[in-house]
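The residues making up each chain are set out below.
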Amino acid sequence: MLSFPICKINLGLNVVEKRPDGYHNLETVFYPVPITDALEVYPMDPAFPSDVDCDLKVTNIHIDGDEQRNLVVRAYNLLKKDFPKLPRIHVHLYKGIPTQAGMGGGSSDCGFMITLLNRMFSLGLQEQQMIDYAAQLGADCPFFIVNRPSYAEGIGEKLQPVSLDLKGWYLAVVRPAIPVSTKEAFSLITPQHPVKNCRDIVLQPVETWREQLVNDFEKSVFAIHPEIGAIKERLYEMGAVYAAMSGSGSSLFGLFRNPVNLDSFDEEGTFKTCLAL
């Protein structure tokens, strides 16, 4: 069975308080974006010699680390505990979503894996049950069960639908080849509640967002990497009605009335695309 995990952008991201467990409570609006990976699952031949129940192969973009720690495999193993009759499987993950981008690529693979397994093997899980499984694996993972515009609180796992439709807009995404340390980005933030909640701002005309809709990570990340901040300014110079960083970076995005040419972003290793929403 084949599935195509999407990614997300953050429309506003406010770090509102530090929790006793060391994490931070956030307020953000997740918006789904049709930049995709490809996730293929098929049963393993019973005679196939394998030391693992979920055999993962990742192609197109190299991902460091043990593939058995990948969120796709962890999603399978989590469900396997409650559904021990799940067969052994092969998984091919073709990465099209840029990594270390603040666009939730790994979380999306996780959420879509849960949904795919539920459908493929008739597990009978309802949406909320899949959300509960996803929340055990990562803060952004539950969003990729619902895949619709959502206001998120907590560490990103508490979701409420938002009546937001950006159909007709063009989205430009630029992810420079600059790694951003999420830990370092958090360390430079002083949590505080925003003057106006991002959930309310996104229901206003997009033209009002520039002065009101804020990603709190931009201040700290741009201070460390001014070249990332310069990309945001270039998007505005090209005519973006609104531009921001997604998550803790390093992707920047801009909303445009018309398609734009991103050939000027030609630095080595840069991911760039412009698509209709």
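A. Looking closely at the overall build of the protein chain. A count of helices and strands for the protein chain gives nine helices and twelve strands. Principal-axis analysis of the C-alpha atoms gives the protein chain an extent of 60 × 40 × 35 Å. Expressed as a percentage of its 277 residues, the buried residues of the protein chain come to 52%. Of the contacts made within the protein chain by residues no fewer than 6 positions apart, 72% connect residues no fewer than 24 positions apart. Element-wise, carbon and sulfur atoms account for 50% of the exposed surface of the protein chain, whose accessible area totals about 13100 Å².

B. Representation of the packing of helix α8 (residues 217-224) against helix α9 (residues 226-237) in the model. Viewed as axis vectors pointing N to C, α8 and α9 meet at an angle of 120 degrees, and their least axial separation amounts to 5 Å. In this view, α8 runs oblique relative to α9, as classed from their interaxial angle. For the pair formed by α8 and α9, the contact residues are Glu218, Val221, Phe222, Ala223 and Ile224 on the first element and Pro226, Ile228, Gly229 and Lys232 on the second. Looking at the contact of α8 with α9 residue by residue, the classes come out as six nonpolar, one polar and two charged.

C. Local environment of the pattern of salt bridges. Applying the stated rule across the entire model yields seven salt bridges. A salt bridge links aspartate 21 to arginine 19, with the shortest nitrogen-to-oxygen separation between them at 2.9 Å. Between arginine 257 and glutamate 207 there is a salt bridge; the shortest N-O distance is 2.4 Å. With arginine 257 in the loop between β11 (252-256) and β12 (271-276) and glutamate 207 in the loop between α6 (198-201) and α7 (209-212), this residue pair connects regions lying 50 residues apart in the sequence. Residue class for arginine 257 comes out partly exposed when judged on its relative accessible area of 47%.

D. Spotlight on the sheet that holds strand β2 (residues 7-18). Pairing is antiparallel in the open sheet, where four strands are placed in the order β2-β3-β7-β8. Looking at strand neighbours, the two that pair on one side only are β2 and β8 (158-161), the edges of this open sheet. Averaged over all pairs of adjacent strands, the angle between their axes in this sheet comes to 20 degrees, without regard to strand direction. As defined by bridge partners, strand β3 (residues 24-33) adjoins strand β7 (residues 150-153) across three bridges and the pair is classed as antiparallel. Residue valine 29 lies in a different strand from β7, and its bridge partner there is tyrosine 151.

E. Inspection of the state of the cysteines at higher detail. Scanning the model with the defined rule gives zero disulfides in all. Free of any disulfide, cysteine 7 has its nearest neighbouring cysteine sulfur in cysteine 274, separated by 14 Å. In this structure cysteine 54 is not part of a disulfide, and its nearest cysteine sulfur, from cysteine 110, lies 12 Å away. Cysteine 54 sits in the buried class, given a relative accessible area of 1%.

Parameters and conventions
- Residues numbered from 1 in each chain as written.
- Predicted model: local features only at pLDDT ≥ 70, side-chain atom pairs only at ≥ 80, totals over all residues.
- Heavy atoms only, no water.
- Helix = DSSP H or I, 4+ residues; strand = E, 2+ residues; numbered from the N terminus.
- Buried < 20%, exposed > 50% of the residue type's maximum accessible area, 1.4 Å probe, protein only.
- Contact = heavy atoms within 4.5 Å.
- Areas by Shrake-Rupley, 256 points an atom, 1.4 Å probe, with all protein chains shown as cover.
- Axes fitted to C-alpha atoms, helices over the stretch in contact; angles between N-to-C directions.
- Parallel < 35°, antiparallel > 145°, perpendicular 65-115°, else oblique.
- Nonpolar A, V, L, I, M, F, W, Y, C, P; charged D, E, K, R; others polar.
- Salt bridge = Lys/Arg side-chain N within 4 Å of Asp/Glu carboxyl O.
- Pairing = 2+ DSSP bridges.
- Disulfide = S-S within 2.5 Å.

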